[in-house]
Amino acid sequence: MSDYIPYELLPFELVIEILARLPVVSLLRFKSVCKSWYSLIKSPSFVTKHLNHRKNKHIGIYSRDDQKERYFICRDDDQCGHEYSELEFPHKAPSADFMIAGSCNGLLCMWEDSSWDKSAIIVWNPSMRKLVTLPKPPLARMCVLGFGAHPTTHEYKVVRIVYQTYPYQHELQPYVELYTQGTGSWRGLGSTFPLYCFIDITRKASQAFVSGAVNWIAEDPRVSVGYRSIIVSFDMSTETFSEMILPPALADRERRSLSVTLFRESLAMLCGQQRDKDDCCIWVMKEYGVPESWTKLFSFRLDWPVYPKRTLGFMKHNEVLVSTIDNRLLSYDIGTKALVDTGIRGHPSSFHFEPFVESLVLVENKNGIVDGQLNPL
């Protein structure tokens, strides 16, 4: 007997389980197999199932050199190891670069790196090769972006914290605008936003979307002596801000060496190595919203001539991505102390890292209306 079984004879439930484990590029082709597969692959329930199977499989990396900006996806799993593939960014803008503001559910929020009065914001699904340009928000002197999704409806949201003057001057209260998927416009939030000063406000403020909230590092200018670094969070459900303290051990670290990211779905703090001073270190908040759960996971030091400029994020199996002062992106294994050159080059300050997964999540359909809602994850 032949081992081949026509798919028509397989239980449809088994077909669903098989398809949910396939890459997006295959599923886009399989939509043409038959009407039932087309309807299945487009259904919100299948999109959710597929997304759940793809978690923690890829990493998105942005770099920029003197020639162009570049976007990479690294497949990071046990079967394939680290495979870096370059993406072609489909949006073309004259004399401008796009930087990653954040990622969520396989979508990347991109921000045009040009003058403030012309900056465009787009949401891009690289796996689907689809993007949407958001309506131009009002002018601003400086602003910070956050990107995430509502925990129940899973509609993506972009929050924009706007300063009409430099925040360290404390002259004007910043205000907050919010874009929700499919609405077609920005809306202001009536709640008062404290005078937080976001670290490295020149479009490079790191963010991490955890437990339905966007998290940034900021400073609190209301402290009487000096500035106090804190984590500022924006809840995508309640649309309110809150703050959390950093691990006490990081209180005296150089503010610009700090960044936030994800570590296995938990909020993590990265602190870069300072010349002739402290090691690189990684802290994880094991229970989100509970400062007492901060736990130091790793610390390490790279010696000259390999001096790290920034600690960017995590690969699998305790590997950390670091950029160096000589324009390289390296992967450092904390356990074996092995240092691997990824072959990716860029200005040290231009590297940006985002945890990323392949997904079938749509940005918007052709009519600008949300094409169905995802089922609960």
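Residues numbered from 1 in each chain as written. Predicted model: local features only at pLDDT ≥ 70, side-chain atom pairs only at ≥ 80, totals over all residues. Heavy atoms only, no water.

### A word on the pattern of salt bridges
A side chain with one charge can pair with a side chain of the opposite charge if their charged atoms come near. With the rule as written, the count across this model stands at 8 salt bridges. Across the pair K157 and E239 runs a salt bridge, and its minimum N-O distance is 2.8 Å. One end of the pair, K157, is in strand β9 (residues 156–163); the other, E239, is in the loop between β15 (228–235) and β16 (240–245), and 82 residues separate them in sequence. A relative accessible area of 17% means that E239 is categorised as buried. Taking the shortest distance from any N to any O, the salt bridge between R328 and D326 comes out at 3.1 Å. A relative accessible area of 38% means that D326 is categorised as partly exposed. (Salt bridge = Lys/Arg side-chain N within 4 Å of Asp/Glu carboxyl O. Helix = DSSP H or I, 4+ residues; strand = E, 2+ residues; numbered from the N terminus. Buried < 20%, exposed > 50% of the residue type's maximum accessible area, 1.4 Å probe, protein only.)

### A short note on helix α3 (residues 35–42)
Of the positions making up α3, those classed as buried are W37, L40 and I41. For α3, the arc enclosing every buried residue in end-on projection is 90°, short of the 170-degree limit, so these residues lie on one face. Those residues of α3 hidden inside the fold are in contact with α1 (12–19), α2 (24–30) and α4 (44–53). (Arc of directions from axis to C-beta. Contact = heavy atoms within 4.5 Å.)

### Considerations on the packing of α3 against α4
For the pair α3 and α4, the least separation of the axes is 5 Å and the interaxial angle reads 65°. If you check the angle between α3 and α4, you find them roughly perpendicular. From α3, L40, I41 and K42 reach across to α4, where they touch P44, F46 and V47. Classifying every residue of the contact of α3 with α4 gives 5 nonpolar, no polar and 1 charged. (Axes fitted to C-alpha atoms, helices over the stretch in contact; angles between N-to-C directions. Parallel < 35°, antiparallel > 145°, perpendicular 65-115°, else oblique. Nonpolar A, V, L, I, M, F, W, Y, C, P; charged D, E, K, R; others polar.)

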